[in-house]
Amino acid sequence: MGNVRTRKETGTLFLDFRYRNLRCREQTTLPDTAANRTKLRKLMERIEAEILVGTFDYASYFPNSRMLEKLRSQTATLRRHGAIAPLFREFAETWYTENQIGWRESYRITIRTILDKRLLDRFGSLAVDAIEKSDLLQFRTELAAIRTRTGGNLSPSHINRHMKVLGAILTEASERFQFTNPYRGIKPLKVQKSDIDPFNLDEINSILANIRPDFRDYFTVRFFTGLRTGEIDGLRWRYVDFSRRQILVRETIVRGQMEYTKTDGSQRELDMSQPVFDALKRQQPLTGQGDYVFCNRQGRPLDHNNVTKRVWYPLLKQLDLRERRPYQCRHTAATLWLASGENPEWIARQMGHTSTEMLFRVYSRYVPNLTRQDGSAFERLLASRINLSISTTDDADDE
């Protein structure tokens, strides 16, 4: 129990108490009077109460104390031996090192960026067990107030991504060091559902008839396979099987790096319709001696941002069509398959979904009575509405 004592040399009062098994004596300039003793006893009671519940911050009471260095040294020693919870900065690095082996390269870069750009600066100097729920909610509020280069705010999905990493670190720390997880009960922000906006057959015909010849086959394959951007940009000739009329989806390219597909279910054999088969046959003499099916003049994969900004959007504007991301080509394939009456399980396999659940959830308003299951109905639809005589002779590039 702490005491209020008098220093004989000066006659001033000082506090005498124990904290973390260390004797602490903090001097004051107050003379030994009844009023001053009462004042310091109340202060001592408050300090002891905070020590008892674990909220005592020595530096906030005694910012110039010589005891602070001794306490910091003691804390560092205890942390090294796992006796007390580490700083967020230290544990975040441990968590990152332990988990990165199971991450794709692109995800590893994303997590590293979130840590270095936001989390370590905000929470790095705090012990993991000292972070409270109010700190997390305040951080989320701070993220929401950040202005982007375009003048807007960070999106809810972007904020949720930061909070998810923060929550994962604190959840693991709370289990290892036995403290209440402050992230518990914090729900992600609501993210507005993005509506799909596929192209109809007339729009597809117009696009393929007017697009640069060196990108005609590229977008033909995009429109009629449902390949994701990274899947088509990373498609290698070794995975094109003309004899079986299949595209083997085995890899995806993310930030210029070849990686495993988005999920295990994304590994699939995609059946070629006639327009896709013909497009790839036309492409073969152009790039077949190299690695990638669609590439620039150096044989490297296309830069999708460059293609989108310099080829795709200008064409939509020229044709007076609504501006839509190239990813809508994937939605277009799905809706065309549904409109032609293909079996939903076959469509799900083509899309790389492990079940039909997502198919019905995302494309429910495009689902008619489904009876076919082999792609033949889709072939008939395309044959009746798509101009299959389009060809190209120009080399593909990413200009």
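Residues numbered from 1 in each chain as written. Predicted model: local features only at pLDDT ≥ 70, side-chain atom pairs only at ≥ 80, totals over all residues. Heavy atoms only, no water.

Engineer: Could you clarify how one ought to interpret the pattern of salt bridges in this entry?
Structural biologist: Side chains that differ in charge, positive against negative, can pair when their charged atoms come close. In this structure the tally under the stated criterion is 25 salt bridges. One salt bridge in this structure joins arginine 5 and aspartate 16, with 2.9 Å as the shortest N-O distance. Here arginine 5 is found in strand β1 (residues 3–6), whereas its partner aspartate 16 is found in strand β2 (residues 12–19), with 11 residues between them in sequence. The buried category is assigned to aspartate 16, whose relative accessible area is 6%. In this structure, arginine 108 and glutamate 105 form a salt bridge, with 2.5 Å as the shortest nitrogen-oxygen distance. One end of the pair, arginine 108, and the other, glutamate 105, are both in helix α5 (residues 105–123), 3 residues apart, so they sit about a helical turn from each other. With a relative accessible area of 23%, arginine 108 lands in the partly exposed category. Linked by salt bridges that have partners in common, Asp197, Glu203, Arg322 and Arg324 make up one network. (Salt bridge = Lys/Arg side-chain N within 4 Å of Asp/Glu carboxyl O. Helix = DSSP H or I, 4+ residues; strand = E, 2+ residues; numbered from the N terminus. Buried < 20%, exposed > 50% of the residue type's maximum accessible area, 1.4 Å probe, protein only.)

Engineer: Help me out: how do you make sense of the sheet that holds strand β8 (residues 268–271) in this one?
Structural biologist: What links the strands of a sheet is backbone hydrogen bonding, and the strands pair in either a parallel or an antiparallel sense. Strand order in the open sheet formed by 3 strands is β4-β5-β8, with antiparallel pairing between adjacent strands. Edge positions in the sheet fall to β4 (240–241) and β8, since each of these pairs with one other strand and no more. (Pairing = 2+ DSSP bridges.)

Engineer: I would appreciate a short explanation of the environment of leucine 270 in the present structure.
Structural biologist: Mapped onto the elements, leucine 270 comes out in strand β8. By relative accessible area, which is 0% here, leucine 270 ends up buried. Separated by 88 residues in the primary sequence, leucine 270 and proline 182 place their C-alpha atoms 46 Å from one another. The residues touching leucine 270, leaving out its near neighbours within four places in the chain, are Thr225, Leu227, Arg245, Gln246, Ile247, Val249 and Gln350. (Contact = heavy atoms within 4.5 Å.)

Engineer: What is the right way to look at the environment of tyrosine 363 in this model?
Structural biologist: Topologically, tyrosine 363 is positioned in helix α15 (residues 357–363). Its relative accessible area of 3% is what places tyrosine 363 among the buried residues. Tyrosine 363 sits 32 residues away from histidine 331 along the chain, and the two C-alpha atoms are 8.5 Å apart. If near-sequence neighbours (up to four positions away) are discounted, tyrosine 363 is found in contact with Ile196, His331, Ala334, Thr335, Leu338, Met351 and Met358. One polar contact links tyrosine 363 to histidine 331, side chain to side chain, over a distance of 2.7 Å. (Polar contact = N/O pair within 3.5 Å; in protein donor to acceptor, adjacent residues only side chain to side chain.)

Engineer: Looking at this model, I keep getting lost on the sheet that holds strand β3 (residues 22–31). Mind explaining?
Structural biologist: Spatially, the 3 strands line up as an open sheet ordered β1-β2-β3, and their pairing is antiparallel. The sheet is open, and its two borders are formed by β1 and β3, each paired with just one other strand. Across the sheet, the axes of successive neighbouring strands diverge by a mean angle of 30°, strand direction being ignored. Pairing of β2 with β3 involves 7 bridges; the strand directions are antiparallel. By the bridge assignment for β3, leucine 15 is matched with glutamate 26. (Axes fitted to C-alpha atoms, helices over the stretch in contact; angles between N-to-C directions.)

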